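In case you want the letters, here they are:
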Amino acid sequence: MPTDSSAMRFRCVLAFAALLIAPLALADVVQGVVTPGGAEVVIRDAGGKEVARVAAGPFQVWLPTGSYEAECLTAGKGRKIKVRSLSQPTSVKIDCR
């Protein structure tokens, strides 16, 4: 049978673990591929602020949870793709053709 001090210790450990895990629910990895070769993409948040810039090929960025827009800057210039960052890893393919 647990004593009061061991129960308190368990609650403290549980609270500390919750503090460590909480930021993981606020952002996560968005990974994918930008095609064709030579393409360049800028990722903007809902306010239009640039949060990442990626070149052709595989990419991986850490974004806070929310909606984003990827815009092709070179091949397929002006093409926009909606991207969502969830509280779990997300994969996208950005085709700028």
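In the block above lies the structure referred to throughout.
Below, the structure is looked at part by part.

Scoring rules and cut-offs
- Residues numbered from 1 in each chain as written.
- Predicted model: local features only at pLDDT ≥ 70, side-chain atom pairs only at ≥ 80, totals over all residues.
- Heavy atoms only, no water.
- Salt bridge = Lys/Arg side-chain N within 4 Å of Asp/Glu carboxyl O.
- Helix = DSSP H or I, 4+ residues; strand = E, 2+ residues; numbered from the N terminus.
- Buried < 20%, exposed > 50% of the residue type's maximum accessible area, 1.4 Å probe, protein only.
- Core = buried A, V, L, I, M, F, W, Y, C linked by side-chain atoms within 4.5 Å.
- Disulfide = S-S within 2.5 Å.

**Structural notes on the pattern of salt bridges**
This structure, assessed with the given rule, holds 5 salt bridges. Note that E69 is salt-bridged to K82, the shortest N-O span being 3.5 Å. Residue E69 is located in strand β5 (residues 66-72), and its partner K82 is located in strand β6 (residues 80-85); the two are separated by 13 residues in the primary sequence. With a relative accessible area of 69%, K82 lands in the exposed category. Within the structure, one salt-bridge network assembled from shared partners comprises E40, E50 and R53.

**So, the nonpolar core**
Judged by nonpolar contacts, the single largest core of 17 residues is most densely connected at V34, V41, I43, F59, V61, A70 and I94. Those elements that place two or more of their residues in this core are β1 (27-35), β2 (40-44), β3 (50-55), β4 (57-64), β5 and β6.

**Overview of the state of the cysteines**
A complete count under the given rule lists 1 disulfide for this structure. One disulfide bridge connects C72 with C96, the sulfur atoms lying 2.1 Å from each other. In this structure the cystine formed by C72 and C96 twists about its S-S bond by roughly -85°; its chirality is therefore left-handed. Of this pair, C72 sits in strand β5 while C96 sits in the segment after β7 (90-95); the two residues are 24 residues apart in sequence, bridging distant segments of the chain.

So, to be careful, I would describe these as geometric facts and stop short of saying anything about function.
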